[in-house]
Amino acid sequence: MRLSVAHLTRPKVGEVENGDGVVVRVDGPYTLLAVVDALGHGPAAAQVTAEASRCLGQTSLGPSVEPLMEALHAALRHGRGAAIMLAVFDGLALHCGGVGNVELRTVGTRVPVLPTPGILGQAFRTLRTVSTPLSPGDRLALFTDGLSFRLDLEQVRTQSPDAACALLLERFGRATDDATVLVADVEP
């Protein structure tokens, strides 16, 4: 199986630089999906997100998100920190975990991930992770708190990932925060 992925991100209304970001990366059999929400807004937050993206671009992928979270925690240690949701798809199962106010929702197979309280780069509790086999037709959405947690994936079930991102950002995005959404469909 493979993923069809789209994402959208925008800065807080009135800001030019965005403290939210997305990383999608394929390394051998693994596909990384990540949403990053640096604390705050503007240029300082954008720098944190850029550092997290660099770290995720350089760290080897495997079937576990723990090494990625450890690398991110070390890379962000001297800054303001970030909330991050990571998911690694190995072609059969999704391995995921998050820290802070980020979400992963699904339509189809239930992925019972519960983000760990805290801030990467500062302090967080023991990382809670989950691994779940996926099926063709499943849809994933990873998003930051710039979108309402009342986000309803059923409203965009028949839309393409690109159209779903646009509609979710329009309907559930908050003007008072940076906002990011990633939608991935599992295909045979």
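Heads up: these notes are all about the structure in this document.

Definitions and limits used
Positions within a chain are numbered from 1, following the residues in the order the chain's sequence is written. Residue-level local features of this predicted model are given only where pLDDT is at least 70; pairs of side-chain atoms are given and counted only at 80 or more, and the full residue set underlies all totals for whole chains, interfaces and linings. Excluding hydrogens and water, the side-chain figures rest on all heavy atoms present in the structure. Here a strand is any run of E in DSSP of at least two residues, a helix any run of H or I of at least four, and the numbering for each starts at the N terminus. Radius of gyration: over C-alpha atoms. The globule rule applied is 2.2 Å multiplied by the number of residues raised to the 0.38 power. Here the term buried applies to any residue with accessible area under 20% of the maximum for its type, exposed to any over 50%, and partly exposed to those in between, with areas from a 1.4 Å probe on protein chains only. Values of accessible area rely on a 1.4 Å probe in the Shrake-Rupley scheme; residue burial ignores everything except the protein chains shown. When charges are counted, neither His nor the chain ends are considered; positive counts come from Lys and Arg and negative counts from Asp and Glu. Positions of charges follow a simple convention, taking NZ of Lys, CZ of Arg, CG of Asp or CD of Glu. We call two N or O atoms a polar contact when they sit within 3.5 Å, provided that within protein one can donate a hydrogen and the other can accept it, with sequence-adjacent residues counted only if both atoms are side-chain atoms. The criterion used for residue contact is that any of the two residues' heavy atoms lie within 4.5 Å. Nonpolar cores are built from buried Ala, Val, Leu, Ile, Met, Phe, Trp, Tyr and Cys residues. Side-chain atoms within 4.5 Å join them into one set. Paired strands, in this sense, are two strands between which DSSP finds at least two bridges. A pairing counts as a salt bridge when a side-chain nitrogen of Lys or Arg comes within 4 Å of a carboxyl oxygen of Asp or Glu.

1. Some details on the overall build of the protein chain
Point 1. Broken down by element type, the protein chain carries three helices and 11 strands.
Point 2. Counting from the amino terminus, helix and strand elements in the protein chain follow one another as β-β-β-α-α-β-β-β-β-β-β-β-α-β.
Point 3. A compact globule built from 188 residues would reach a C-alpha radius of gyration of about 16 Å, and the protein chain, at 15 Å, matches this within 12%.
Point 4. Expressed along its principal axes, the backbone C-alpha trace of the protein chain runs to roughly 40 × 35 × 25 Å.
Point 5. Looking at the protein chain residue by residue over its 188 residues, the buried ones come to 52%.
Point 6. When the accessible surface of the protein chain is summed, it comes to about 8,100 Å², and 51% of that surface belongs to carbon and sulfur atoms.
Point 7. Positive and negative side-chain charges in the protein chain, numbering 16 and 20 respectively, have mean positions lying 4 Å apart.

2. Here's the deal with the side chain of T180
Point 1. The topology assignment puts T180 in strand β11 (residues 179-187).
Point 2. Here the side chain of T180 touches T9 through a polar contact of 2.5 Å, side chain to side chain.
Point 3. Here T180 is in contact with L8, T9, D20, G21, V22, V35, L142, F143, T144 and L147, once residues within four sequence places are set aside.

3. Brief notes about the nonpolar core
Point 1. In this structure, L32, L56, L72, I84 and L86 are the most contacted members of the largest nonpolar core, which totals 24 residues.
Point 2. Secondary structure elements with two or more residues in this core: β3 (30-38), α1 (42-58), α2 (66-75) and β4 (82-89).
Point 3. In contact with L56, other than residues within four places in its own chain, are V23, R25, L32, A34, L68, L72 and L86.
Point 4. Core analysis: the next-biggest nonpolar cluster, separate from the first, contains 21 residues, V22, V35, L94 and V111 among them.

4. Quick notes on the pairing of strand β2 (residues 20-27)
Point 1. One ladder, built from eight bridges, connects β2 with β3; its direction is antiparallel. Note that in β3 the partner of R25 across the bridge is L32.
Point 2. Taken together, β2 and the strand that follows it, β3, pair antiparallel across an intervening segment of two residues, in which G28 is found at a positive phi of about 60 degrees.

5. Structural notes on the environment of S160
Point 1. Mapped onto the fold, S160 is located in the loop between β10 (139-144) and α3 (161-172).
Point 2. Taking C-alpha positions, S160 is 28 Å from A50, a pair spaced 110 residues apart along the chain.

6. Things to note about the pattern of salt bridges
Point 1. By the definition in use, this model includes five salt bridges.
Point 2. Between D185 and R139 there is a salt bridge; the shortest N-O distance is 2.6 Å. Placement of the pair is D185 in strand β11 and R139 in strand β10, with a sequence separation of 46 residues. As far as burial versus exposure is concerned, D185 and R139 are alike and both buried.

7. Re the side chain of D178
Point 1. Mapped onto the secondary structure, D178 falls in the loop between α3 and β11.
Point 2. For the buried residue D178, which engages in no salt bridge, the nearest side chain bearing the opposite charge is R10, 5.9 Å off.
Point 3. At 2.9 Å, the side chain of D178 forms a polar contact with the backbone nitrogen of G19.

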